[in-house]
Structures are given as structure tokens and as C-alpha cells.
Amino acid sequence: MLIGQRIIAGLTWRVEARAAGLSPAARARVRDLCGRALGIARAHDCLPDLAARAAILCFHGVGRRPDPQVEEGVLPVRGLRAVLNTLRRSFRVIPLAELVNCLRERRPLPPRAVVITFDDGYANNAEIAAEELDRLRLPWSAFLPAGLIEHGRRQWVDDLRLLVHRGSRKRLSLPWEGRTLAFELDTPGRRRAALAWLIDHLRYLPEERREELWRQLVEPCPPDELADLRERFPGFAPMSWAQARQLRQAGVDVGSHGLSHIALAPQTPERLRHELSEARRLLQLRLGSDGPHFSYPYGRPASISPATEAALGEMGYACGLTLEQDTVRGERAALPALPRLIVPAQAGRILLTLWQRFAR
Ligand SMILES: [Zn+2]
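Residues numbered from 1 in each chain as written. Predicted model: local features only at pLDDT ≥ 70, side-chain atom pairs only at ≥ 80, totals over all residues.

With respect to the overall build of the chain
Part 1 of the reasoning: Secondary structure summary: the chain contains 14 helices and 13 strands in total.
Part 2 of the reasoning: Computed over the C-alpha atoms, the radius of gyration of the chain is 21 Å, within 12% of the 21 Å expected from 2.2 N^0.38 for a compact globule of 360 residues.
Part 3 of the reasoning: Seen through its principal axes, the chain has C-alpha atoms that stretch 60 × 45 × 35 Å.
Part 4 of the reasoning: Taking all 360 residues of the chain together, 42% fall into the buried category.
Part 5 of the reasoning: Long-range contacts, defined as pairs at least 24 residues apart, comprise 73% of the intrachain contacts of the chain with a sequence gap of at least 6. (Helix = DSSP H or I, 4+ residues; strand = E, 2+ residues; numbered from the N terminus. Rg over C-alpha atoms; globule rule 2.2 N^0.38 Å. Buried ≥ 20, exposed ≤ 12 C-beta atoms within 10 Å, placed from the backbone. Contact = placed C-beta atoms within 7 Å.)

Dropping the structure here:
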């Protein structure tokens, strides 16, 4: 390791350790700065070739100039370039199928192997990200929520972001366990807290119950408000089937991200089967065939169960991707539930995470 890189790396460990006591937002800023410093110093070039370890990255939306408040998880295109350039220079980006084959055949993983995946099928994946990946000739996988694409529908969590941050109402209320909860939306902090509570508590409900609560939540909003907000924030729009076909023709691995983008584990067995088989039917109908990989909507333990893993197995999927934040360890990787690392909107944070995960 060059002396400059050694100094930056040492400083990074120290600064990051000190940041442990800060608020989550301040800590995220520190991690972003540390990661960017590592990227500029090209510290990832000097990572050791750790055996039996790979990272599957999970990207979501990308944008030219995302609104950091409303589109909080959307990676600016400059950040995307910084991450992809580092991956291309310092890691070995392999297709998901190659990683799955290595794990299945118990072959050693290539050193510093990274897999690139994009969840949620946003139009910007096809309009912005595809070009950047293509320019660097990096293989990637796109996971599409087939039903949302079929009907041009958006995820309710994204609609909720618009209503909470940019809607006209200063308060939302929700019937919950026998009482009415009120969510004040008059400051950015309260809006963030309301969003976090609502997303956390609604997304793991059986879908009929979630839909009912959603109706009651948005009923008092002016009728055209959501449509106007969707027009102002096209970044959350799904891609079209024509765009998905173009990706497929360009060699992108296109897989299933379920039908309606709902957590699978809390659903009835009938709904679970419907979500998987109808998604497959649409992918085959619109794209000619469907890929062998599946990515769990929400991807957390609450959306995965023995029943969902068995259903994936019955349908012949080669792997299920989760959002458990970890690298893939060759010796104990479970194909039905492979962990990934989420790429947040601040590119430096994933550069730091990658460096930390591969440094020792
Ligand atoms: Zn998703």
C-alpha cells in the first residue's frame, strides 16, 4: 500500500470510530466523507484478496438532480459514476449467474468479486443507469415488480414520500389498534419521523389490511394532489416493458421482484403463490422468458419465511436475494437468501462499506 493510501486508510478508521456517538444523520455524513476520501485516494486498489467473500450491491433509483428530501434514497448520477469507477478499477464485477454457479458448485469465488443489482424497475434504471453501466461494460441484473410495470403503477411508499414531504396537508391521521394516530407534518424532522413510522408499520401487513389503511390515510388529501405530485417527481415512475425489453436485448439479466412489490411472508399461501406465478407469467409474456433469479420485495427478515423460500424452490429459482446487510461468504452462503449491501444516496457511504468489508 502506498504511504498516502495508508495514511488515508488509518485516518478513516479513526474518524469513523469517533463518529460512533453522533446522531445517525451526522454519522452518515462522516461515513460519506470518509468513503469519498478513500475513493479519491484509490485505497480500494490495495485491498487484500480475501478468499471466499463477495459483495452483491443493491441499487435503487438514480437521478440527475434528485431532491434530497423527497427522493432520499435516489443516487445522484455523479455518485453512481464514482461507485462504478471504483468497482471497475479495484474490484472484479461478475454477473450474478457466475456467483450463483460458484456457490452451487462450491468453487472458490474470484478475488474481490462484486455483483451489481438494481431493484424496483424504475424508469431511470433504463434511462440513466443503463448507459453508465454500458459505458464501463459492467454486467448487472435488474429486478422488476412485474405488476407495477404492467399497469404503470408506483409503489405506495414512494407516493407516501410525495404526500408527506410535498403534499398540502400538515397532518395525516390513521386508525391504529383502536385509536387514531395523528402525524404532524409541519417540520422536516416530523415528516421524516412520520414516514419512517408509517413505512415500518404498514409494509409488513397482509396486503388487504395495508390497502385499507392506505385508503383511510390518503382519503382526506385533495383528489388530484397525488397525480400532480407524481408529475412533478417522475423519478419514482416505473420503466415500460419496451424499456425492459431493451435492457434484456442489451444483455442485462432481468429477474423477478414479485408482482405488486409487497412483503411476501405475511401473505396468505394463495396470495404468495399468486405474487410469484403471476409475476413469472407477465415476465414471460412481455419479455419472452423470465430470468432464474429472484429479489425479495423489502428483503428484510419480516418479508422472508420458510414458506417463501420453499415457494421459490418449487418455482425453480436459482437464488433469492435479500437486503440483509452483509457480504456473501462462500462457505456458508444460502442460495435462497443471499445477503446484499444497499447503495445509499451518498456514494461515499458504500465506498467506505466496501472498503471495510474487504479490508479484513
Ligand atoms: Zn423493492
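Resuming the write-up.
Topic: the domain arrangement of the chain
Part 1 of the reasoning: Per the domain assignment, the segments of the chain are domain 1 (54–152 + 238–345) and domain 2 (156–234).
Part 2 of the reasoning: Facing the eleven residues of domain 1 at the interface are eleven residues of domain 2.
Part 3 of the reasoning: Tallied by class, the residues present in the side of domain 1 that touches domain 2 amount to six nonpolar, three polar and two charged. (Domains from an automatic or database assignment. Nonpolar A, V, L, I, M, F, W, Y, C, P; charged D, E, K, R; others polar.)

A short note on the environment of His261
Part 1 of the reasoning: Note that His261 resides in the loop between strand S9 (253–256) and helix H12 (269–287).
Part 2 of the reasoning: With 197 residues separating them along the chain, His261 and Arg64 place their C-alpha atoms 25 Å apart.
Part 3 of the reasoning: If near-sequence neighbours (up to four positions away) are discounted, His261 is found in contact with Pro145, Leu148, Gln155 and Pro297.

Comments concerning the nonpolar core
In summary, soluble globular proteins display a tendency toward joint burial of nonpolar side chains.
Part 1 of the reasoning: Core analysis: the largest hydrophobic core is formed by 91 residues, its most contacted members being Ala54, Ile56, Leu57 and Val114.
Part 2 of the reasoning: At seven residues, the largest contribution of residues to this core is made by helix H14 (residues 347–359).
Part 3 of the reasoning: Split by domain, this core shows at least three residues from each of two domains, domain 1 (54–152 + 238–345) and domain 2 (156–234).
Part 4 of the reasoning: Every residue in contact with Ala54, bar those within four places of it in the chain, is listed here: Leu99, Leu109, Ala113, Val114, Val115, Thr327 and Val328. (Core = buried A, V, L, I, M, F, W, Y, C linked by C-beta atoms within 7 Å.)

Some details on the pairing of strand S5 (residues 113–119)
Part 1 of the reasoning: Most of S5 is tucked away: seven of the seven residues are buried.
Part 2 of the reasoning: Here S5 shows no split at all, with Ala113, Val115, Thr117 and Asp119 on one side and Val114, Ile116 and Phe118 on the other all buried.
Part 3 of the reasoning: Pairing of strand S4 (residues 92–93) with S5, which is carried by two bridges, proceeds in the parallel orientation. Its bridge partner being in S5, Val93 is matched across the sheet by Val114.
Part 4 of the reasoning: With respect to chirality, the unit in which S4 leads through helix H4 (residues 96–104) into the neighbouring parallel S5 is right-handed.
Part 5 of the reasoning: Pairing of S5 with strand S6 (residues 141–144), which is carried by three bridges, proceeds in the parallel orientation. Residue Asp119 lies in a different strand from S6, and its bridge partner there is Phe143.
Part 6 of the reasoning: With respect to chirality, the unit in which S5 leads through helix H5 (residues 123–135) into the neighbouring parallel S6 is right-handed. (Pairing = 2+ DSSP bridges. Right-handed = clockwise from strand over helix to strand, strands pointing away.)

Things to note about the pairing of S6
Part 1 of the reasoning: Both faces of S6 are covered, namely the face carrying Ser141 and Phe143 and the face carrying Ala142 and Leu144.
Part 2 of the reasoning: Summarising the sheet, S6 and S9 pair through four bridges and their orientation is parallel. Bridge assignment links Phe143 to a residue of S9, and that residue is Gly255.

Comments concerning the packing of helix H3 (residues 77–90) against H14
Part 1 of the reasoning: At their nearest, the axes of H3 and H14 sit 9 Å apart, and the two run at 20 degrees to each other. Between H3 and H14, the angle falls in the class roughly parallel. The chirality of how H3 crosses H14 is right-handed. For the pair H3 and H14, contact is made by Gly79, Ala82, Val83 and Thr86 and by Ala347, Ile350 and Leu351, respectively.
Part 2 of the reasoning: The residue makeup of the contact of H3 with H14, split by class, is five nonpolar, two polar and no charged. (Axes fitted to C-alpha atoms, helices over the stretch in contact; angles between N-to-C directions. Parallel < 35°, antiparallel > 145°, perpendicular 65-115°, else oblique. Left-handed = near helix turned anticlockwise from the far one by under 90°.)

Overview of the environment of Arg137
Part 1 of the reasoning: In this fold, Arg137 is placed in the loop between H5 and S6.
Part 2 of the reasoning: Taking the C-beta count within 10 Å as the criterion, Arg137 has 9 such neighbours and is therefore assigned exposed.

Focus: unusual backbone geometry
Part 1 of the reasoning: Positive phi is not limited to glycine here, since Arg112 has a value of about 50 degrees.
Part 2 of the reasoning: Mapped onto the elements, Arg112 comes out in the loop between H4 and S5.
Part 3 of the reasoning: Exposure remark for Arg112: the 20 C-beta atoms within 10 Å place this residue in the buried category.
Part 4 of the reasoning: Its identity as a non-glycine residue notwithstanding, Asp120 has a phi of 90 degrees, on the positive side.
Part 5 of the reasoning: Looking at the element boundaries, Asp120 is found in the loop between S5 and H5.
Part 6 of the reasoning: Residue classification places Asp120 among the buried positions, given that 25 C-beta atoms sit within 10 Å.

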